[in-house]
Amino acid sequence: MITFIIRRLLIAIPTLVIISLVVFLLLNLAPNDPMAQVPLTVPPEVKQKMREALGLGQPIHIQFFKWLVQFFWIEPQVLIDYLFNTTFSEGKQRIISWQTRSPVMDIVVQRLPQTLWVVGMSYVVGILIALPIGLYSAYKQYSIFDNVGTFVSMVGYSVPPFFSGVFVIVIFSVQLGWLPSIYDTTHTVVDWETFKFQIKQMVMPVMVLALQTTAQINRFMRSASLDNLNQDYVRTARAKGLTEWTIITVHVLRNSMIPVVTVIAINVPYIFGGALITEQVFKVNGIGHQLIGAIYANDLPTVQTITFMFAFLIVSFNLLADIIYGLLDPRIRYD
Amino acid sequence: MRIKSLFVGLAAALIATASFAGRGSDGNVSIIYWQAPSILNPYLSGGTKDIESSSMIIEPLARYNETGALVPFLAEEIPTVANGGVSADLKSITWKLKSGLKWSDGSAVTSADVKFTGEYCMDPDGGCAQLEKFDGVTDIATPDDRTIVVSFSASKPNPYGPFVGGQTPILQKKQFANCMGAKAPNCTAENFGPIGTGPFVVTEFKPNDVIQMKANNNYRDPSKPAFATVTFKGGGDATAAGRSVLETGEFDYAWNLQLAPEVIANMEKAGKGVAIAGFGPLVERLEMNMTDPSPSLDADTRSTRKAPHPFLSDINVRKALSMAIDRPLLVEIGYGKAGDVTCDLVPAPDLYAAKNTHCLKQDIAGANALLEKAGWKKGSDGIRAKDGVRLSILYQTSTNAVRQDFQALIKEWWQQIGVETELRNLNASVFFGGDPGSPDTYQKFYADVEMYANTFDGTDPQAYLSAYRCGNEPKPESQWQGANINRYCDPAYDALLDKLSATGDLKKRGEIGIQLNNMLTKDSYTIVPLVHRGRVSAHAKSLGGVVLNTWDSELWNVADWYRIK
Amino acid sequence: MIEERNQEKVGSLYRDVWDQFKKHKGAMFGGVIFLLIVISVLVGPFLWPFEANAIDIRSRNQGPSFIHPFGTDQLGRDTLARMLAGGRTSIAVGLCAMALTIFLGTFIGVTAGFYKRLDGPLMRLTDLFLSLPLLPLLLVMMLLFREPLSSAYGPERGMFILIVFAIGITSWMPTARIVRADVLALKEREFVLAAIASGSSNSLVVRRHILPNVLSPILVSATLGIANGIITESALSFLGLGFPPDFPTWGRLLNDAVDYLQQYPERVFWPGLCISLTVLSVSYLGDGLRDALDPRMRKR
C-alpha cells in the first residue's frame, strides 16, 4: 500500500503539469476576449493597447512558463512571508488577475470562508441526510418511506438550482420575509445575535445545494445497499444470530460504501467550483462565483489558477478514494 | 396621549431636519449593482460598474447633469468661448479649481494633480481605457496651483473630453506617482482604494463582491453626505437586484434593471420601492451587412468590402425589412417605460436628434409592394427571389431574453414579406469580444443582420458618427478591429464628417449631425434603429435625493442622497 | 447461481426477466408514464392545432383556457405546443447524452478496473477531464465544430450532435470511476477468479460476470444522466451555446419562466413537472430493470 501511495504521488506531479498545460492551451484557443466587457464606446485602437498592457501579445509558451514560475515559486514565497513575516517575495511579480489587477491568490483567500461555510456545510448536510435515508430505503425496499424518499430525491435532482433557488427566495424572503435573499459576505460572527443572522442567511443556499447532493448520494447508497442485502454473507450473518442493527451498520454499510465514496470524492472538489449557479442566485460570492466571473471576462490568469487548484483537489481526492477502497474491501489490491 | 404623540412627532421632525443638515447622520445606505465592480480605477477598466462605483470616491472637474448640461464639480465654472475659458481658435481650454479643495487624506488638491492624471492616462505603456478622451491633447500646463490649461493639436469643437464625466476623474499625484505606465496594474492598494475628493472613502474593497465606504471627513460641503456608511454589493442578476430593493427592501438602490416591464411592475406592487427611468442616447438597432458573409468565400474576402452583399446591397430590400417592423410593439414587449420608438441613430440630446417618424408605423403591405416592384418575386415556398438569389437571412445577436423575443417577432414579420430568417444567439462575451480567431464576433459580422445596442459618452456624437467613415470597417488587415460594423462607405458622408469636425457653432453642428444621422438611417437604411433605450433603476421609498442621470455616472449626486424619515 | 443462469435458454431468460419486471408495480407505472410522454411528444405536434413558434400577439400572457390549456407566453405562443415540441428535443438530448455518457463511462470504467495496466493512464485521463473548465471547453468545441457540423447536417441537427457530444464527453467521469471501483472489488471475488481460472476469455468474463454485477450503479448513473442531460442543455441555451433561440426545449422554457415565477407560476410548473416526471419514470423503470435482471431477486 505504501509503495502504491508513493508511486501515485510521484505520478501526480506530471499529471498536474499536463493538466495545467491542457487547460492553458484550451483557454488560449477559446474565442474569448478580456475586452468583451469593456463598453462599445471605447474605440478598438484603445482596446488593442489595453490588451497589449495585459501581456497578451507574448508567445504562448512564454506566458505558460511565466505562470508556472509565478504559481510554484513566487506564490509559495508570499505564503511563507505571510506566515513568518519574512520578505522573500518582495518586488516579485505575482499572478495578477486581468479583471481586478490584483493578485489572484488574495481574492481566493478572501473568498475561502464563505465557500467553506456555505458550500462545504451543504455538502456535509447532504451526506449526513443521504446515507441513512439511502440505507433505510434499501432495507425497507418499496415501503412508503422508500417511495417517498425516491420521489423527493428524484424531484430534487431534476429541478435545477436556478429554479429551486428562486423558488425558496420568493417564498421565504418575499412572501414570508423570514430570511434574507442576499448573502452578506461582510458579516462577521461576534455574538449570539450575529451567529443567528449567519445561520439565517446560510439556510437557503445550504438547503438548495444539499438537495442536489442528497439526491445523488441517496440513489447510489440505496442501490449499493440493495445489492449487498441479497448477498450470501448477509444470510450467513443472520444465521449466526447477529442483530439486524449490526448486520446493517457493520456489514451492509461498509460493503455499500465503495460507489458512495467514489461519488463523494468526485464531488468534494466541486465545492470550490461547482456551486456557481447557487452562489449566483444567493450572491454568496465564493470561489465558484469567482471562477465563472473570470471565465466570462476571459480573465485567463484567474481561470488558470483556480482551475489548477481544482485539478489538484481532484487528483488528491481520487487518490484518497483509491486508498479508502483498500480499507473498505481488503481484497482490492493495486500492486 | 394625543399631545404626547404630537410632541414625539414634532421631536422626530426636528431630528429629521437636523439630520438633514448633518454629515453622516442618516446611517447606512446600501446599493446593489448586478455587475460587480472589480477595480476602483476607471482608467484601468472601461466597465460601467467600475466607473460608477468609483464615481462616489473620485471626481472629475465637471459632470453632465440629468439634462445633459455640464455642471462644475471640482472646477469653479464651466469654461466656454463666451467667458474666455475656451480659446477662440478652439485649441485650448482653461479650467480653474475651486478654492480650498482637499483630498480625503487632508492634503490640498492642486493643478499638479490634474496634470498628473492626464500624464497617467496618456502613458504609452499604461493601457489606459479612457485614452480616447485625451485624443489630440498636446500639453497640460499649470500656470498656478489652481489653473489648468489643456492644449489640443487641432481645433476641438468639443473640448470637454479630458477631466469631464465619470470616465476621467482626478487622481491624487502623491498616491499614484509610482503607478505610471507598466507599473499601473501592480498598484493593487491604490487601485482598490483611491484617495479622492468625493463624498465617500473606501474602508474595504472585496473585488467582484462588495465595497464598504464611509463619509469623507474632508468633503467640500460640511453638511454632506447625509449617510455615514455605504454598502455597495455587486453580482448576481437584474431580477435578484430588483427584488432586493422593490420586494424585500434589503437594499436601497438597484442599478439598471434590464427586465421585462411587467416583471418590474409586479415587483413595484410590493410597495417597498419605485422604479425610475431616464434616457441617454442608447439605441437598440439592426445593423445591415453591406458585404457578403457567405461561408463559401475565403477568409480574406468574406464579410469584407471586396464582396458586396448579394441582396442587402439593394436599398429596397433594406427598406422593406425596416417597414415590416412594428416598433411600438417591440417597445411594449421588451422595454415598457424604459424604451421609446425611434428611427434615429442619435436620438438625444435634442440638438442632434433628427426626430424622424417615417418608420414608426408598420407597413407589411407597403413592404411587399416595394419588394415586388423591385423584382423580388415569391417562389413556391413563399420566399422571394430574384435571379436565383433568395431572400434568406441569418440574423444574430447576443444572448438576452428580450433580444430573443425581438428575434422571434421580427422573424415572424419578415416571414410575412417573403423573407426567410435563421436565428442565432451568441454568448455575449464571445459576441462582443474582439478575438480575431472567432467567427462569432460582432465585428466579423459573419451574418446578414445583427442586433445590439450602442451609445456614446457625454453629449457630443462626433466620434460616434465618425465610426462610419470609409476604411474604418473591421477587416483582416486590421485584425478585424474597427467600428464601421456595416462596412458603410460614402465619400459624401466622409466629407460631411470633416465639415463637422471643423465647425464650432453648436447650432450648425446640430444641423450637420442630423444630416449625418439621416444618411445612415432614413436615406440608406444601413442602420435600422428599433428602440431608444432608457435605463431603469429602482430605489427604496425611504431614499431621498435620487436623480437618475444617464449622461454621467448614476451615482453622480450620491452626496445629496438622504433618508426620508 | 451464475451457473444456473448460464444454463438457461436465452428465450426463457427474457421471459423470466419480463415476468419479474411485470411484478414490479413501480417499474410498470414508470414505464407507462414514460411511454405516454414519448408518444405524446412524438405524435402531439401533428395533432395539436397550434405551432410552437406561431406568434399571436393579441392573446399573449393568457392563463389556461379551453383554447390554450396551458396558457400562452409573453409573445402569445401556445405553451402546450411549445411543451410538446420542446419535449421532443429535451428527451432526445437527454436519452442520447445519457447513452453516450453511460457507454463512455462503462467502457472506460470496466477497462480500467479489469486491466491493471490501463488503470493508471485511464484514471489520469479521467482526472484531466474532471479538471477541465466546462465553459471554455464548450466554446472551443463550438468554434471548431459548429460550422462544419451545420454545413454537413443543417443548423439544427448539427447543433444536436454537438450538444449531445458536449454533454457526453463532459459527464462520463463519475460513471467511469464508480464502475471501476466496483470492478476492482468484483475482480477479486471467487466466481470471477474461478471463471478466469477455468480459462474463460477476458471479454467473456467481462460480459458474463462483471457487467451484470455493476448494473445497478450504471442504472442509477443512467437515470441521473437523463436529468443531467436535460438540464445541461438548458444551461447551454441560456449561455448562448445551444440551439437557435426559436427552438424550444423544456430546459429553456423553465429558464425563461423563472423571471415570471410570481405572475405566471404555471409557466414554471409545466416544464418543471415534465422534467421531473420523465426523470422519475425513468428512475422507476431502471429500478424494475435492475431487479428483473438480478438473478437473486428473480428467485425470491
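Residues numbered from 1 in each chain as written. Chains lettered and ligands numbered in written order. Predicted model: local features only at pLDDT ≥ 70, side-chain atom pairs only at ≥ 80, totals over all residues. Heavy atoms only, no water.

K.L.:
Residue-level account of the overall build of chain B, with values.
P.N.:
Assigned secondary structure in chain B consists of 15 helices and 21 strands. A compact globule built from 565 residues would reach a C-alpha radius of gyration of about 24 Å, and chain B, at 26 Å, matches this within 12%. Residues classed as buried in chain B amount to 62% of the 565 residues present. Put simply, of all contacts in chain B between residues at least 6 apart along the chain, 68% involve residues at least 24 apart. Surface summary for chain B: the accessible area is close to 19700 Å², and the carbon and sulfur share equals 55%. Positive and negative charge centroids in chain B, built from 57 and 64 side chains respectively, lie 4 Å apart. (Helix = DSSP H or I, 4+ residues; strand = E, 2+ residues; numbered from the N terminus. Rg over C-alpha atoms; globule rule 2.2 N^0.38 Å. Buried < 20%, exposed > 50% of the residue type's maximum accessible area, 1.4 Å probe, protein only. Contact = heavy atoms within 4.5 Å. Areas by Shrake-Rupley, 256 points an atom, 1.4 Å probe, with all protein chains shown as cover. Lys, Arg positive; Asp, Glu negative; His and termini not counted. Charge placed at Lys NZ, Arg CZ, Asp CG, Glu CD.)

K.L.:
Just give me the short version of the interface of chain A and chain C, but keep the residues and values in it.
P.N.:
Contacts between the two partners involve 64 residues from chain A and, on the opposite side, 58 residues from chain C. Overall, the association of chain A and chain C removes approximately 5500 Å² of surface from exposure, summing both partners, and the carbon and sulfur fraction of that is 67%. Viewed at the interface, chain C and chain A are joined by two salt bridges. Between Arg177(C) and Asp322(A) there is a salt bridge, with its nearest N and O atoms 3.1 Å apart. Our count for the contact surface shared by chain A and chain C stands at four residue pairs in polar contact (both at pLDDT 80 or more). For the side of chain A that touches chain C, the secondary structure elements donating two or more residues are helix 1 (2–29), helix 5 (144–158), helix 6 (161–175), helix 7 (192–229), helix 9 (244–267), helix 11 (287–296) and helix 12 (300–328) of chain A. Here the residues of the side of chain A that touches chain C sort into 40 nonpolar, 14 polar and 10 charged. (Buried area = accessible area lost by both parts, 1.4 Å probe. Salt bridge = Lys/Arg side-chain N within 4 Å of Asp/Glu carboxyl O. Polar contact = N/O pair within 3.5 Å; in protein donor to acceptor, adjacent residues only side chain to side chain. Nonpolar A, V, L, I, M, F, W, Y, C, P; charged D, E, K, R; others polar.)

K.L.:
Before we move on, could you go through the nonpolar core and cite the residues and values that matter?
P.N.:
In this structure, Ile31(B), Met56(B), Leu61(B), Trp95(B), Tyr120(B), Leu555(B) and Trp561(B) are the most contacted members of the largest nonpolar core, which totals 153 residues. When residues no more than four places from it in sequence are discounted, the contact partners of Trp95(B) are Leu61(B), Ala62(B), Ala75(B), Glu77(B), Pro79(B), Arg146(B), Thr147(B), Ile148(B), Tyr160(B) and Val164(B). Grouped together as the second largest cluster of nonpolar side chains are 93 residues, Ala215(A), Ile258(A), Met83(C) and Leu280(C) included. (Core = buried A, V, L, I, M, F, W, Y, C linked by side-chain atoms within 4.5 Å.)

K.L.:
Which residues make up the interface of chain B and chain A, and what are the values?
P.N.:
Residue-level contacts link 57 residues of chain B with 44 residues of chain A. Across the chain B/chain A interface, buried area totals approximately 4100 Å², and carbon plus sulfur atoms make up 55% of it. Our count for the contact surface shared by chain B and chain A stands at five residue pairs in polar contact (both at pLDDT 80 or more). If you list the elements that add at least two residues to the side of chain B that touches chain A, you get helix 5 (188–192), strand 7 (200–206), strand 8 (210–215), strand 9 (229–234), helix 6 (238–246), helix 12 (428–431) and strand 18 (449–454) of chain B. Classifying every residue of the side of chain B that touches chain A gives 20 nonpolar, 25 polar and 12 charged.

K.L.:
Before we move on, can you summarise the sheet that holds strand 13 (residues 377–378) of chain B with the specific residues and values?
P.N.:
Residues and elements named next belong to chain B. Taken together, the three strands give an open sheet; going across it, the order is 13-14-15, and neighbouring strands pair in antiparallel fashion. Whereas interior strands pair on both sides, the edge strands pair on one side only; in this sheet they are strand 13 and strand 15 (389–390). One ladder, built from two bridges, connects strand 13 with strand 14 (residues 384–386); its direction is antiparallel. Bridging across to strand 14, Lys378 finds its partner in Arg384. (Pairing = 2+ DSSP bridges.)

K.L.:
Residues and numbers for the packing of helix 8 (residues 232–240) of chain A against helix 9 of chain A, please.
P.N.:
Residue and element names in this part refer to chain A. Viewed as axis vectors pointing N to C, helix 8 and helix 9 meet at an angle of 155°, and their least axial separation amounts to 10 Å. Overall, the two elements helix 8 and helix 9 adopt an arrangement that is roughly antiparallel. The hand of the helix 8/helix 9 crossing is right-handed. Contact with helix 8, carried on its side by Tyr233, Val234, Ala237 and Arg238, involves Glu244, Ile247, His251, Val252 and Asn255 of helix 9 and no other residues of that element. When the residues that make up the contact of helix 8 with helix 9 are grouped by side-chain class, the tally is five nonpolar, two polar and two charged. (Axes fitted to C-alpha atoms, helices over the stretch in contact; angles between N-to-C directions. Parallel < 35°, antiparallel > 145°, perpendicular 65-115°, else oblique. Left-handed = near helix turned anticlockwise from the far one by under 90°.)

K.L.:
How would you explain the state of the cysteines if you had to name every residue and give the values?
P.N.:
Residue and element names in this part refer to chain B. The final tally for this structure, using the stated rule, is four disulfides over all chains. Two residues, Cys121 and Cys128, share a disulfide whose sulfurs are 2.0 Å apart. Between Cys121 and Cys128, the disulfide has an S-S torsion of -80° and is therefore left-handed. Taken as a pair, Cys121 and Cys128 share a single burial class, namely buried. Through a disulfide, Cys470 is tied to Cys489; the S-S separation comes to 1.5 Å. The sign of the S-S torsion, about 75°, decides the handedness of the disulfide formed by Cys470 and Cys489: right-handed. Within this pair, whereas Cys470 is found in the loop between helix 13 (462–466) and helix 14 (491–502), its partner Cys489 is found in the loop between helix 13 and helix 14, the two being separated by 19 residues in sequence. Taking the relative accessible area as the measure of exposure, Cys470 reaches 26% and is therefore partly exposed. (Disulfide = S-S within 2.5 Å.)

K.L.:
Got a sec to walk through the sheet that holds strand 4 (residues 92–96) of chain B? Specific residues and values, please.
P.N.:
Residue and element names in this part refer to chain B. Ordered by their spatial adjacency, three strands build an open sheet running 4-6-5, and the pairing between neighbours is antiparallel. Of all the strands in the sheet, just strand 4 and strand 5 (137–144) have a single pairing partner and so form its edges. When strand polarity is set aside, the average angle formed by the axes of neighbouring strands in this sheet is 20°. Here strand 5 pairs with strand 6 (residues 147–152) via five bridges, running antiparallel.

K.L.:
I'd love a proper account of the pattern of salt bridges, names of residues and values included.
P.N.:
With the rule as written, the count across this model stands at 39 salt bridges over all chains. A salt bridge links Lys133(B) to Asp457(B), with the nearest nitrogen and oxygen atoms 3.0 Å apart. On the criterion of sequence distance, the pair formed by Lys133(B) in the loop between helix 3 (111–122) and strand 5 and Asp457(B) in the loop between strand 18 and helix 13 is long-range, its members being 324 residues apart. By relative accessible area, which is 27% here, Asp457(B) ends up partly exposed. One network of salt bridges, in which partners are shared, links Arg8(A), Asp322(A), Asp119(C), Arg177(C) and Arg180(C).

K.L.:
Tell me about the side chain of Thr239(B), residues and numbers included.
P.N.:
Residue position: Thr239(B) is located in helix 6. With residues near it in sequence (within four places) discarded, Thr239(B) still touches Leu259(B), Met267(B) and Asp259(C).

K.L.:
Can you lay out the packing of aromatic side chains for me, pointing to particular residues and giving the numbers?
P.N.:
The description of two aromatic rings rests on the distance between their centres and on the angle between their planes. In this structure the tally under the stated criterion is 39 aromatic pairs over all chains. Consider the rings of Tyr442(B) and Tyr452(B), whose centres lie 5.2 Å apart with planes at 70°: the pair is edge-to-face. With Tyr442(B) in the loop between helix 12 and strand 18 and Tyr452(B) in strand 18, this pair connects stretches of sequence that are 10 residues apart. Across the pair, Tyr452(B) and Tyr442(B) agree in class, each one buried. When the ring centre of Tyr446(B) is taken as origin, the NZ or CZ atom of Arg302(B), which lies over that ring, is 3.7 Å away. Directly above the aromatic system of Tyr264(C) lies the positively charged group of Arg267(C), at a separation of 4.2 Å from the ring centroid. (Phe/Tyr/Trp six-rings, centres within 6.5 Å; stacked < 30°, edge-to-face > 60°. Lys NZ or Arg CZ within 6 Å of the ring centre and 35° of its normal.)

K.L.:
Account for a nonpolar patch on the surface, naming residues and giving values.
P.N.:
A cluster of nonpolar side chains, contributed by Leu79(A), Ile80(A), Tyr82(A), Leu83(A), Phe84(A) and Phe88(A), occupies part of the molecular surface with about 720 Å² of accessible area. With respect to the helices and strands, Leu79(A) occurs in helix 3 (residues 60–84). (Patch = residues over 30% accessible without salt bridge, like charges linked within 9 Å, V, L, I, M, F, W, Y side chains within 5 Å.)

K.L.:
Any details on unusual backbone geometry? Residues and values, ideally.
P.N.:
Leaving glycine out, the prevailing phi sign among residues is negative, and the prevailing peptide bond configuration is trans. All names here are of chain B. With an omega of -5°, the peptide bond running from Lys224 to Pro225 counts as cis. Tracing the backbone through its elements, the reader meets Pro225 in the loop between strand 8 and strand 9. The amide bond that connects Ala348 to the next residue, Pro349, takes the cis arrangement and shows omega of -5°. Tracing the backbone shows Pro349 in the loop between strand 12 (339–341) and helix 10 (364–373). Even without a glycine there, the phi angle at Asn208 is positive, about 60°. Take Asn208: it is sitting in the loop between strand 7 and strand 8. Positioned with a positive phi, Arg487 is a non-glycine residue whose angle comes to about 60°. Here Arg487 lies in the loop between helix 13 and helix 14. Note on Arg487: relative accessible area 2%, which makes it buried.

K.L.:
Help me get a handle on the side chain of Asn266(B), residues and values and all.
P.N.:
With respect to the element layout, Asn266(B) can be found in helix 7 (residues 261–268). According to the relative accessible area criterion, Asn266(B) is buried, its value standing at 17%. With residues near it in sequence (within four places) discarded, Asn266(B) still touches Gln262(C) and Gln263(C).

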